[in-house]
Amino acid sequence: MAAEGCEEMSGNGELEESSAMEASEVAASPPAAMAEMSEENGSPAVAPEAPAGPNPVTFSMPPPAEDEEGEFPADFERLWKTAHDTPQDFTGWTDLLQYCEQESHITASRRALEAFLTRYPLCYGYWKKFADLERRAGYNNKAEEVCTRGLQAIPLSVDLWIHYINLLLGTLDMNLPDSPTRIRSVFEDAVVAAGLDFHSDRLWDLYVEWEKEQGNMKKAAAVLDRVLKVPTQLYNSHYDKFKEHLNSQEPKDVLSSEEYEELRTLCRQSQKAERAEQAQEEEEERPPGEEEPATPEGTDTEELMQKMREQVLVRRDKVYQDNEGEVRKRWHFEDSIKRPYFHVKPLDRLQLRAWHSYLDWEIAQLNKDTKDPQDPQDPQVAQQDPEQAATAESEVTAQPRRESEDAEVAHDDHRVRILFERCLIACALYEEFWIRYNQYLESQNMDEARAIFKRACEIHLAFKPNIHMQWAMFEERHGDLTEARRVLETLEKTLPGLAVVRLRRAALERRAGQLDLSEALLREAVDESKEKPTLHAFYSIKLARLLLKLSRSPSRARRVLQEALEISPDNDKLHLNLLELEVSGDPSAEAVQECVTRALAAPLAPHTKILFSQRRLQFAEDYSNSIQSVLSVYEEHQKLLKELGGTKRGAENGDDDLEKLSKSDDGSAVAVSAQDPPTMPHVPITTPPPPVMGADASSQANYGGYGSWYQQPQYGSYGSYGYQNTWNYNQGYYPPS
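Conventions we followed
Residues numbered from 1 in each chain as written. Predicted model: local features only at pLDDT ≥ 70, side-chain atom pairs only at ≥ 80, totals over all residues. Heavy atoms only, no water. Helix = DSSP H or I, 4+ residues; strand = E, 2+ residues; numbered from the N terminus. Buried < 20%, exposed > 50% of the residue type's maximum accessible area, 1.4 Å probe, protein only. Expected span 1.5 Å × (residues − 1). Arc of directions from axis to C-beta. Core = buried A, V, L, I, M, F, W, Y, C linked by side-chain atoms within 4.5 Å. Phe/Tyr/Trp six-rings, centres within 6.5 Å; stacked < 30°, edge-to-face > 60°. Lys NZ or Arg CZ within 6 Å of the ring centre and 35° of its normal.

Caption draft 1: Summary view of unusual backbone geometry. With a phi close to 55°, Ser104 is a non-glycine residue in the positive phi region. Counting through the fold element by element, Ser104 comes out in the loop between helix 2 (90-103) and helix 3 (106-119). With a relative accessible area of 60%, Ser104 lands in the exposed category. Positive phi is not limited to glycine here, since Arg552 has a value of about 55°. Relative to the helices and strands, Arg552 is located in the loop between helix 23 (533-550) and helix 24 (554-567).

Next comes the structure, spelled out in structure tokens:
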């Protein structure tokens, strides 16, 4: 059964709350150290501090209702504030609930349970406690309302359905004519919602026993007939109960009138044929003059009743055998699932794999049923029957067969959905299963697929950014940009300072053709991050690229980078981007010289300064109009090599000692004197230029380890739960500060 609770059973069978903070590992919001950066500009980072819950300044206790007590226990407000300040801490909530229960304070218990179940609605045990609290206080209507709300949140909970039914049985006046009708209606809702659960046997048994208590033997048999077709754990016990029920009652009191008349006629004909044959034999042996004893017409003998029972069991045995086959197919998967209920404790990999395997199998069964190898409309089948014999006959019989197959496919689809819902109880804190369910429903019903994202993001995974971004992408893909914007804005409010969310928002506006809004979002991020230099540099580079590549405004991009360098003069990425901006635009020796001079004067690493000098030398050789300027840059580069890298570094960069041979472009070797300057030295470049802005992605990956800036390990514990990072921000979320 999908017994989805946050309690575990103690030795005496009483529900016992799970202990300790080990339960809060999965539900916790992303840790402050968790970071993620873009593919081009990422770097290890310290995440901005983000409150996981409501602002403590705005904390206030809700006023009591008219039927509630006005005073709260002494420690209630302290525990309440702790739970609300850190809503992801499951232990804080259980401490609050336990304290309220000990104090037997109905108002405090109501407030605590309401708040707790809003955040953890899959804990069916607390819905039961809430209903019992209202019932003990004499508020039966409120108790029913609590159960109804709980069943809306977790309709597959067999335990909660049984609790609700027992509540109604204990509070309704069964002498009223409407009461049995209402109870039966609730039973029907229960078996429709949770009856296909593999562990739903107790619910079916309760339904059968209640119908027997009401004296409705036909209805009890009808319920048993239905459960005989459902693969459950105790499937064989239902068949035994059906046989016992059939043998203890007259067939007319158990079977429907249609089936009873059909079997009665069939058995009478069979009995009449047997009697005719027997009479013929007896007549030959009967003494002369003795007449055949008369048989009353219209009466059902015990022999006839027994024959009817045998025929009923013959029919049910076929159903039972088919159902047993379905149980055997599922038994291995069900046996692999050790925790079918909800808990904040992480599931191990074997359990996650078991759910994935079960879903794979159930979906494969559905896909197999949708392929009809005998469909006459299938081209392959048509080729196998070139003469198209008996076409008219096949058209007559095909329609009923297709209707039956459509019903079977719909039934299998319902099974897949039930299994997904069961899975999302045990694995509610794992994004992968929500996303998979959404993908399954997307091709069938857009509203249902959207509802999956809504449930996941607004209730269970409020602090998980990946699924929110998947939701936004889903809405954008289907044309609802307004909803996509709302999803990302809500996520940014929940997890402020998350760089990847701001980038997604800017990218969304850019794809929508709103470059001004995209620029405004990045400018806002730049302005808000001035206290965090590396984050400020990160956003500045993003904004400069937008201005250069899309807005076609090199001057504005240059201004953004120059302003960022005033805050972070030691950030080599800013220097590199500014240099590439100058190099990739209209060649300007003065601008390039200014960039390199600024970089050489900045507190950068020696090897970085050598790269800047080398880039200047390459630019001079490519674009300079004077050989003297090339030689001047070359001499400055050699001087820098001696100061920072030595002769070995110079050799590594292709600058051999001047006394060595230098090859010209045509391959000839020229002897170079150590005293006389070369007329036109050739400067081989072994390190490719650092194309940051205006270069292809492959060269970016190779330049000076630039790609490693964002290839950082994940921070915090987010990656440890196996959540896939769809967009390959595999280094975390925040740039360094």
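Caption draft 2: Molecular detail of helix 10 (residues 235-248). Here helix 10 is 14 residues long and its end C-alpha atoms lie 21 Å apart, about the 20 Å a rise of 1.5 Å per residue gives. Burial in helix 10 covers these residues: Tyr235, His238, Tyr239, Phe242, His245 and Leu246. The buried residues of helix 10 occupy one face: seen down the axis, they fall within an arc of 125°.

Caption draft 3: Spatial organisation of the nonpolar core. Core analysis: the biggest nonpolar cluster contains 127 residues, and Leu96, Phe116, Leu203, Phe342, Cys427 and Phe433 have the highest contact counts within it. Counting 35 residues, the second largest nonpolar core, distinct from the first, contains Ile541, Leu574, Leu579 and Ala602.

Caption draft 4: Helix 23, seen in detail. The end-to-end C-alpha separation of helix 23 is 25 Å, in line with the 26 Å expected for 18 residues at 1.5 Å each. Two residues or fewer after helix 23 comes Arg552, characterised by a positive phi angle close to 55°.

Caption draft 5: Structural context of the packing of aromatic side chains. As enumerated under the stated definition, the model contains 21 aromatic pairs in all. Aromatic pair Tyr120 and Phe342: ring centres 6.4 Å apart, planes at 40°, arrangement tilted. Note that Tyr120 is positioned in the loop between helix 3 and helix 4 (124-136) and Phe342 in the loop between helix 13 (302-336) and helix 14 (349-370), a separation of 222 residues in sequence. Considered together, Tyr120 and Phe342 belong to a single accessibility category, that of buried residues. With 4.9 Å between their ring centres and 40° between their planes, Phe619 and Tyr623 make a pair best called tilted. Of this pair, Phe619 and Tyr623 both sit in helix 27 (residues 606-623), separated by four residues, roughly a single helical turn. The exposure class assigned to Phe619 is buried, which follows from its relative accessible area of 5%. Using a relative accessible area of 42% as the deciding quantity, one classes Tyr623 as partly exposed. Members of the aromatic cluster, connected to one another through ring pairs, are Phe90, Trp93, Phe116, Tyr120, Tyr126 and Phe342. The residue whose ring lies beneath Arg110 is Tyr139, and the NZ or CZ to ring-centre distance is 5.0 Å.

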